[in-house]
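# Coordinates in review
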Amino acid sequence: MKLKHLILILLIGAGTVYGGLKGYIYYTVKKQADTLVAAARPFADIEYGSIGSTFSGEVTVGEIRVYPHGVNDAVRIDELRVITPGLDFLLNGEKSLKKGKLPERMGMQFRGTRFNLNGPLAEMLEQAEANPPGDALPVQQSCNLSRKFATAQYRELGLSELIFDNEFSIERGLTASQMVIKWHYSLRDVEEADFTLTLEGLGDSIMSVALATPLLKSTTINYKAEQAFGKKALDYCAGLQGVDVPTFISQLLDRDDEYFVNELGFVPGPGIRDALRRFIETQGEVSIVALPDSPLDVKTMH
């Protein structure tokens, strides 16, 4: 047999295997996606445009549109990406994992989740903000440290659409008992944040995690404000309060402990308050890193 014929046969064989694997993964993912679409049908109609995969264990579903029943509007998602432990998991599912063992990594990413601020869904959200269930108070002007604005306020600040990116993942750490939880969030042209939490004492099995007492080894929070929007929001909030921007910032930081606990989860000391002031004035970036001398029992933290 001539060498070129052998090479041709090998190429055809490799292409056939590649195509077969891709086809099988596509069929498997589409079947699962259609099952989820059917399960959601009592509440919403879901459509999607494309399915893709990689041999590293990632699956993507593109051009997703969610139409809640009774509303002539949709939430659109450019791409959903699911991160699995690897190709073996895509081909064989949970059977590929060692019995009772946690996977090395799992994650999910929503890229380009789009919410129209001028559509029927936004109108429904505004009604819910004005008339919340139970004893909750209506959403008021939201000029606070958490930078949460009501739907109408985003429009007043010049936005016609909210576009979110979110990614969440769980990975095994440097040792068998460590777990690293990561979360990335961004609201395009407004803000973005990264959160990393490293826990110890969990073991490497599902049962050990269920029975363990998690210990905090470290945590990191990075937050970045988009300057153009941030400065516009400062002017907007100061205007609502009827004061200038420096006065508004001073009032924002001169609050009682309960306010800071609700907004930040802790009461900042003078040093952190000075850093917060610089951050608000410049609308830049802030990082918070916690490295306890010894791992902390998560259940005792509050």
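How each quantity is defined
- Residues numbered from 1 in each chain as written.
- Predicted model: local features only at pLDDT ≥ 70, side-chain atom pairs only at ≥ 80, totals over all residues.
- Heavy atoms only, no water.
- Helix = DSSP H or I, 4+ residues; strand = E, 2+ residues; numbered from the N terminus.
- Buried < 20%, exposed > 50% of the residue type's maximum accessible area, 1.4 Å probe, protein only.
- Contact = heavy atoms within 4.5 Å.
- Patch = residues over 30% accessible without salt bridge, like charges linked within 9 Å, V, L, I, M, F, W, Y side chains within 5 Å.
- Areas by Shrake-Rupley, 256 points an atom, 1.4 Å probe, with all protein chains shown as cover.
- Salt bridge = Lys/Arg side-chain N within 4 Å of Asp/Glu carboxyl O.
- Axes fitted to C-alpha atoms, helices over the stretch in contact; angles between N-to-C directions.
- Left-handed = near helix turned anticlockwise from the far one by under 90°.
- Nonpolar A, V, L, I, M, F, W, Y, C, P; charged D, E, K, R; others polar.
- Core = buried A, V, L, I, M, F, W, Y, C linked by side-chain atoms within 4.5 Å.

## Concerning unusual backbone geometry
- With a phi angle near 55°, Glu-63 is a residue other than glycine that sits in the positive phi range.
- Mapping Glu-63 onto the fold places it in strand E3 (residues 58-68).
- For Glu-63, a relative accessible area of 48% corresponds to the partly exposed category.

## Some words on the environment of Lys-182
- Looking at where Lys-182 falls in the secondary structure, it is placed in strand E7 (residues 179-187).
- Considered as a pair, Lys-182 and Ser-169 are 13 residues apart in the sequence and their alpha carbons are 5.3 Å apart.
- Not counting residues within four places of it along the chain, the set of residues in contact with Lys-182 comprises Glu-167, Phe-168, Ser-169, Glu-171, Phe-195 and Thr-196.

## Let's talk about a nonpolar patch on the surface
- The grouping of Ile-221, Leu-264, Phe-266, Ile-272 and Ile-288 at the surface amounts to a nonpolar patch, some 360 Å² of accessible area in total.
- Mapped onto the elements of the fold, Ile-272 is located in helix H9 (residues 270-282).
- Residue Ile-272 is classed as partly exposed on the basis of its relative accessible area of 40%.

## So, the environment of Pro-85
- Positionally, Pro-85 belongs in the loop between strand E4 (75-83) and helix H2 (87-92).
- When the C-alpha positions of Pro-85 and Met-106 are compared, they lie 6.2 Å apart, and in sequence the two are 21 residues distant.

## What about the packing of helix H7 (residues 245-253) against H9?
- Direction vectors running N to C along H7 and H9 enclose 145°, while the axes themselves pass 11 Å from each other. You can see that H7 and H9 cross each other, and the crossing is right-handed. Every residue of H9 that contacts H7 at Ile-249, Ser-250, Leu-252 and Leu-253 is listed here: Arg-273, Leu-276, Arg-277, Ile-280 and Glu-281.
- Residue composition of the contact of H7 with H9, grouped by class: five nonpolar, one polar and three charged.

## With respect to the nonpolar core
- In this structure, Phe-149, Tyr-154, Phe-229, Phe-248 and Ile-280 are the most contacted members of the largest nonpolar core, which totals 33 residues.
- Elements with a contribution of two residues or more to this core: helix H3 (120-130), E7, strand E9 (215-225), helix H6 (227-241), H7, helix H8 (257-264) and H9.
- Ranked by residues supplied to this core, first place goes to H6 with six residues.
- Dropping the residues within four chain positions of it, Ile-280 is found in contact with Leu-145, Leu-234, Ile-249, Leu-252 and Leu-253.

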